Amino acid sequence: MSEHLTVVNHPLVQHKLTLMREKDTSTAGFRRLLREISLLLAYEVTRGLDLTTKHIETPICAMDAPILDGKKLALISILRAGNGLLDGILELIPAARVGFIGLYRDPATLKPVQYYYKVPAELEERIVIVVDPMLATGNSSVAAIDLLKKSGARNIRFLCLLAAPEGIKRMTEAHPDVPIVTAAVDSHLNAHGYIVPGLGDAGDRMFGTK
Ligand code: URA
């Protein structure tokens, strides 16, 4: 991936995102849409993966056919909302390795603090896709990618559903080597750190906790 920011403006993605934004969409509906949209976003974020060839026999003849090259991808979910995107992507890439990063915001310093970190081995040899539906301030995404780089990851992509300009700026400054793929870039963050117009709290909406 070379371009730093990719906005997936496919009509199906945009249509589903509008339905997800609507405040009256049910938890079940939101979850179904998130699963569907994550398949389409996964298609985009995996564009340009390296291929090699495998010698196979079709019922007609032998051929050298394209097949993914290299070690299995690593999908890293930033808890908890990342799990909603993760489930759909795993349907498309079932052999991917999976990691989880849990961060909370320290009320005194407002800095992200790690409470859970479990990632696949040999990250330095894998393409690593970090998933979190909402790129808001960018603080947790930047902290998660800091940790992954410390674990050796070198080839990282970031996948989200919605991004705020503030989060894109923060990520671009901290990790200019990490391409961002999103379905939309919204207007701004409000005083509570929510994306405007956004879709509300992605975790609450997908897990029905509000
Ligand atoms: N996280 C969310 O779930 N929603 C926002 O708007 C911002 C961060």
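Before reading further, recall that the structure is shown in the block above.
Residue positions within a chain follow its written sequence, with the count starting from 1. Totals for whole chains, interfaces and linings use every residue, but because this is a predicted model, local features are given only for residues with pLDDT of at least 70 and side-chain atom pairs only at 80 or more, for both listing and counting. Side-chain calculation: all heavy atoms of the structure are included, whereas hydrogens and water are not.

(A) Up close: the pattern of salt bridges. Definition used for salt bridges: Asp or Glu carboxyl oxygen within 4 Å of a side-chain nitrogen of Lys or Arg. Summed over all chains, the structure comprises eleven salt bridges. One salt bridge in this structure joins lysine 16 and glutamate 36, with 2.8 Å as the shortest N-O distance. Of the two residues, lysine 16 is situated in helix H1 (residues 11–21) and glutamate 36 in helix H2 (residues 27–45); the sequence distance between them amounts to 20 residues. Take lysine 16: its relative accessible area is 15%, and that puts it in the buried class. The salt bridge partner of arginine 21 is aspartate 186, with a shortest N-O separation of 2.8 Å. Separated by 165 residues along the polypeptide, arginine 21 in helix H1 and aspartate 186 in the loop between strand E12 (184–185) and strand E13 (188–189) bring together distant segments of the chain. A cluster of three or more residues bridged by salt bridges with shared partners is formed by Lys16, Arg32 and Glu36. Secondary structure elements are taken from DSSP: a helix is a run of H or I of four residues or more, a strand is a run of E of two residues or more, and numbering for both begins at the N terminus. Relative accessibility decides the category of a residue: with a 1.4 Å probe and only protein chains considered, values under 20% of the type maximum give buried, values over 50% give exposed, and everything between is partly exposed.

(B) Structural detail: helix H5 (residues 165–174). Of all the positions in H5, only Gly167, Ile168 and Met171 are classed as buried. Seen end-on, H5 carries its buried residues on one side only, within an arc spanning 100°. For H5, the exposed residues lying more than 90 degrees away from the buried face are Lys169 and Glu173. Here the arc refers to the set of directions running from the helix axis out to each C-beta atom.

(C) Representation of the sheet that holds E12 within the structure. By this definition, two strands are paired if DSSP reports at least two bridges between them. The parallel open sheet is built from three strands, whose spatial order is E8-E10-E12. Either end of the sheet is taken by a strand with one partner, and the two such strands are strand E8 (134–135) and E12. Relative to E12, strand E10 (residues 162–163) runs parallel, the two being bridged by two bridges. Following the sheet pairing, leucine 162 is matched in E12 by alanine 184.

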